[in-house]
Amino acid sequence: MDAALEASTMRKVYLRLLPFAMLCYILAYLDRINGSFAALTMRGDLGMSAGDYGFAVGTFYWAYFLFEVPSNIIMEKVGARIWIARIMITWDIFATATAFVTGPTSFGVLRFLLGMGEAGFFPGLILYFTYWFPAKHHARIVSGFLVGLPIAVAVGAPISTGLMGLHGLFGFKGWQIMYFAEGLPTIVLGVICYFVMTNKPEEATFLTREEKDWLSAKLAGERKAKEAVRIYSMLESMWNPKVLLLSLNYFGIVTASLGLLFFIPQIIKSLGHESNMNIGWLTMIPYICGGIALVVWGRVSDRMQERRWNLLAACVLSTGGLVLAGLTMGTWWAMIGVCMATMGFYGSKGPFFAMPAMFLSGASLAAGYAWINSLGNLGGFFGPWWIGVMKDATGSFSGGLYGLALLTLVSSVVCALCLNIHDPTRVEVVPAPAL
């Protein structure tokens, strides 16, 4: 009876929450990274060097660093429904306004404001999932949600470059049309979000009373198991050695991932492809590989009920891929290296984001997720800036890629030697519910 009740409850929760969360994340990430495609022509139009561009896109992540923790704490107080809707509408305003930038300074300011508007969206939804999913589902629900990230890049690449092909329409440049077309739909989804999201299982109208009682009791039991080991305050969670080590691991992966992401179209262009549309199609390939790795790695981690060594394997794969890409830059072997690195970046997400919930709960978990994401996402500033500076200095992307590989190697070492985290809620492995 319990197994049937669990299966029916979790099937409904997955179907209710996962598809909509994925759609929101696809639009959020597309608004965040479409500057990588705009740069194909925007840099020339606005007179930006590769270093200026890398610095400007990275200001987004300083805003993330400043506003992520306050945003998650507010969401814990007011509820996900109203706060996530507010975030989506705010970032849409700044994403659309990017069409009016006139140079490196205004571009950097708009990127900062976009980061401020979006701050709290990603860790807020990761926290939100802990309100609905027992521990043994954490890696697969995070992986299922985050598959929106490579989808955003893979699908967004040809869409973005296609929109840029409308250069001259209504007197606007192609990259301006792209920012208009990809920014405006998010406000509609933000309004819908307010009516679709439910804050807690106790309020769910799509579950029966028996299902709500089972899920609430299950989540409460897991929370008590963690709190029986140790209850952390919000400030204690932010300075917890495990949280700081997780942040260091995440910093290496994010720096490498975003350093590569914002320059992949320009790396592909260096292989001899002049057509922006062709570059858009080819950019899909690494992120299709990354999406597959993300889903498979998350399910494997949940079935094994193991996080640390799955995370280590992904970090090592990223390091090898970046080194291969740097050694073979200018050839198609570099694309294979980029695909390997991308698979490692996204394969790490499921096991990684299941780890904080193994020892934190409540407000400490809200602060912990936000703090890890804040510190880690500072790499979103340093990665693109480093790649841009090395390209300006050497004329090649190889030096920048070696630097990123060093960071993922540090992530690997941290994982191998330091991230031995015990899970007090660990239970027997059961198959995931059929969706």
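Residues numbered from 1 in each chain as written. Predicted model: local features only at pLDDT ≥ 70, side-chain atom pairs only at ≥ 80, totals over all residues. Heavy atoms only, no water.

Draft legend 1. Layout of the packing of aromatic side chains. Evaluation of the coordinates by the stated rule reveals 24 aromatic pairs. Plain terms: the ring middles of W132 and F206 are 5.7 Å apart, the flat faces sit at 20° to each other, and that makes the pair stacked. Of this pair, W132 sits in the loop between α6 (121-130) and α7 (138-146) while F206 sits in the loop between α10 (185-196) and α11 (209-229), and the two are 74 residues apart along the sequence. Overall, the relative accessible area of 0% leaves W132 in the buried class. Using a relative accessible area of 18% as the deciding quantity, one classes F206 as buried. (Phe/Tyr/Trp six-rings, centres within 6.5 Å; stacked < 30°, edge-to-face > 60°. Helix = DSSP H or I, 4+ residues; strand = E, 2+ residues; numbered from the N terminus. Buried < 20%, exposed > 50% of the residue type's maximum accessible area, 1.4 Å probe, protein only.)

Draft legend 2. Spatial organisation of the environment of G399. In this fold, G399 is placed in helix α21 (residues 398-418). Linking G399 and T342, residues 57 residues apart in sequence, is a C-alpha distance of 18 Å. For G399, the contacting residues outside a window of four places in its chain are W386 and M390. (Contact = heavy atoms within 4.5 Å.)

Draft legend 3. Quick look at empty space enclosed by the protein. Under the counting rule described, the total for this entry stands at five cavities of 30 Å³ or more. Approximately 140 Å³ is the volume attributed to the largest cavity. What lines the largest cavity is a set of 15 residues, among which Y29, R32, L149, Y250 and K349 lie closest to the centre. Sort the elements by how many residues they give to the lining of the largest cavity and helix α13 (residues 241-261) lands first, with four residues. Here the second largest cavity is characterised by a volume of approximately 90 Å³. Taken together, R16, L17, F20, A21, C24, I84, F121, L125, Y128, V196 and M197 make up the lining of the second largest cavity. Elements with a minimum of two residues in the lining of the second largest cavity: α1 (2-33) and α6. The dominant element in the lining of the second largest cavity, judged by the number of residues it contributes, is α1, at five residues. Of the residues that constitute the lining of the second largest cavity, the class distribution is 10 nonpolar, no polar and one charged. (1 Å grid on protein atoms, 1.4 Å probe; cavity = no way out; pocket = protein on both sides within 12 Å on 5 of 7 lines; lining within 4 Å. Points joined across faces, edges and corners; volume = space filled by probe spheres on them. Nonpolar A, V, L, I, M, F, W, Y, C, P; charged D, E, K, R; others polar.)

Draft legend 4. Expanded view of the nonpolar core. Counting residues in each nonpolar core, the largest one holds 137 residues, and the members touching the most others are I84, F121, Y128, W132 and F145. Per element, the largest residue contribution to this core is 16 residues, and it comes from α1. In this structure F145 touches L18, A21, M22, Y25, F122, L125, I126 and F129, once residues within four positions along its chain are discounted. (Core = buried A, V, L, I, M, F, W, Y, C linked by side-chain atoms within 4.5 Å.)

Draft legend 5. Region of interest: unusual backbone geometry. Look at F170: it is not a glycine, yet its phi comes out positive at around 60°. The residue F170 is located in the loop between α8 (148-164) and α9 (174-183) in this model. F170 gets classed as exposed once you look at its relative accessible area, which sits at 73%. Phi at Q305 is positive, roughly 50°, even though this residue is not glycine.

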